[in-house]
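Analysis of the macromolecular model
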Amino acid sequence: MTRWRDMMCGEARVEHVGRRLALSGWADARRDHGGLVFIDLRDKTGVCQVVVNPERAPRAIEAAHATRVEFVLRAEGELVPRAPEAVNPKIPTGEVELQADSLEIVSRCPPLPFQLDEEDVDETLRLRYRWLDLRRARLQRNVALRSRLTTTIRRVMDGAGFLEIETPILAKPTPEGARDFLVPSRTRSGTFFALPQSPQIYKQLLIVSGFDRYYQIARCFRDEDLRADRVQEITQLDVEMAFPDRDVLFSLMERMCVEVWRQCAGVELVTPFPRLTWEESDARFGTDKPDLRFGLELGNATEATRNSQFGVFANAPVVRYLTVPRELSRAELASLEELAKEWGAKGLAYLVFGADGEVRSPIAKFLSDAELDAVRPRDLGQTVLFAADTRQLTSRVLNAIRLHLGRELGLIDEGAWQFVWVTDFPLLEWDEDEKRWTAVHHPFTRPVPGDEPLIESEPAAARAMAYDLVANGVELGGGSFRIHEPWLQERLFDALRIPAEEQRERFGFLLDALAMGAPPMGGIAFGIDRMTMLVTGERNLRDVIAFPKNQAGVDPMSGAPSTVSPTQLAELSIRLLPSA
Ligand code: ASP
């Protein structure tokens, strides 16, 4: 049997000089110095320089000449120190090289579709040859960090007494708001499994079953439109506990984050994380995902402008504003107005409080002194930007402008980590397309005690015992306390306009379980892909997934999804419609 290697390529050091070593790996580069041939032999730990001398190793030199990048090689020889002028201080193996007396070509490789050190390679090409793409140092690092992240999570969860329990992939639809992926059943033609959008119902059933503390690193499938920070197949840390206590759950999740950031990013997070209610987060930042790495908080001028001469303000349900610590130019204001319009605003009113004490604005003449005083910044040389519309729209527009200005004006401390819990989300929201109320989190979420009557009387005002964890403006996880009383669950389904027969048909098993001694329960789920993206500093989710689909939801490597044979379709009793 071949002895493939005595150590990894990246491990060779001065202390090993004089030893006879076998090394195996990929040819990262080959340099032919008219006589001597140098090969950088690479594995996941790094590279080691191999030198082949034609006089000393006439057979090896033939192999060295035939070698091309990404050939797999086995080299054997003596580890020697490099000549002082040849030392490479940039790599850990830079003081030594392997003086090969044998070199064996183990596998060959044709000319590459792209070079591994090439930047900006077309993503589809990278995904088509993912096995090559994954050899790049950056992706090797990302995949290794992801493994460290899940290992860290398992250690923390196990240490806190949570059992890791798997739940089915072939499942019944769980409504998390996205479209389901369906799998036809062969043995019961005409019926379908759904791939789980999350293990939500299963984890609640595990708590009803007495497991008390559950977790799982679970795959979830959501047939949604894709974006850079969204994929259809996600991995979640899914958590649920019986007799939940919010402080206990939050501090456990904080400990998990502290460990993950320590192990994977070398960062010490400060706990406890601050908390904001949804109401406060929306009022101050115009979003439920506030980026707290910078200020630029929103103000509210609704009261102050109720009787304004400026009709746009007087007639708007809400008037809110942002104070920008700069005198913005006309051109800057015009481009911000464009941005505001993209987010649905009709325009962007502004007041420039000039350094000279002048107020410059087409609307200034309509505003009373009291109105101006209500929004006047403490210092001169600042600009106040207004949004006057519904609460939702003003939030959306001012949040977009706030984030844009945070970046443009360099207000964001890029090295900082600002985590925040956002709590007490609304329970329900009106769906204009479907003309009915829908669950903001999911239909199993508990209303805040005392808000139950609002479910029917004032749905928009009912709050949920739901929370999200947000890091630097990115939603990392979210969860809630659940309804464990069947009657309350039915009441919520009623509010969502799910007819009684459908409640039975879709959720009968859950209602039955809740009727058989269900304890109070609550939990949370974290997006592992997004978390990895944050700790690696990647901007594209696909760069932290070994085998992702592309932007169109297709795998350019295997060609999935692909057509199947008529026989397979017939077995499933499926007939395809002619494609449009
Ligand atoms: N199942 C929920 C989700 O995937 C999380 C939870 O409520 O625990 O968002």
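For the structure itself, consult the block above.
Scope of this entry: the structure provided in the associated data block. (Residues numbered from 1 in each chain as written. Predicted model: local features only at pLDDT ≥ 70, side-chain atom pairs only at ≥ 80, totals over all residues. Heavy atoms only, no water.)

**So, the sheet that holds strand β11 (residues 275-277)**
Strand order in the open sheet formed by eight strands is β6-β9-β10-β22-β21-β20-β17-β11, and the pairing between neighbours is mixed. The two strands at the open ends of the sheet, each matched to only one other strand, are β6 (163-164) and β11. Bridge analysis of strand β10 (residues 233-242) against strand β22 (residues 521-527) gives seven bridges, and the strand direction is antiparallel. Bridging from a neighbouring strand, A242 pairs with M521 of β22. (Pairing = 2+ DSSP bridges. Helix = DSSP H or I, 4+ residues; strand = E, 2+ residues; numbered from the N terminus.)

**Digging into the pattern of salt bridges**
Working definition: two side chains of opposite charge can pair if their charged atoms are close together. The full count for this structure, using the stated rule, is 51 salt bridges. Taking the shortest distance from any N to any O, the salt bridge between R542 and E123 comes out at 3.0 Å. In this pair, R542 sits in the loop between α15 (528-536) and α16 (566-571) while E123 sits in helix α2 (residues 123-128), placing the two residues 419 residues apart along the sequence. With respect to burial, R542 and E123 carry one shared label: buried. Counted as one network, the salt bridges with shared partners bring together R126, R130, D133, R136, R138, R141, E538 and D543. (Salt bridge = Lys/Arg side-chain N within 4 Å of Asp/Glu carboxyl O. Buried < 20%, exposed > 50% of the residue type's maximum accessible area, 1.4 Å probe, protein only.)

**Regarding the packing of helix α6 (residues 246-265) against α15**
The description of two helices packed together rests on the angle between their axes and the distance between the axes. At a minimum axis separation of 10 Å, α6 and α15 run at an interaxial angle of 45 degrees. The orientation of α6 relative to α15 falls into the category oblique. The hand of the α6/α15 crossing is right-handed. Taken together, the residues of α15 that come into contact with α6 (itself represented by M256, C257, V260, W261, C264 and A265) are M531, L534 and V535. Counted by class, the contact of α6 with α15 contains nine nonpolar, no polar and no charged residues. (Axes fitted to C-alpha atoms, helices over the stretch in contact; angles between N-to-C directions. Parallel < 35°, antiparallel > 145°, perpendicular 65-115°, else oblique. Left-handed = near helix turned anticlockwise from the far one by under 90°. Contact = heavy atoms within 4.5 Å. Nonpolar A, V, L, I, M, F, W, Y, C, P; charged D, E, K, R; others polar.)

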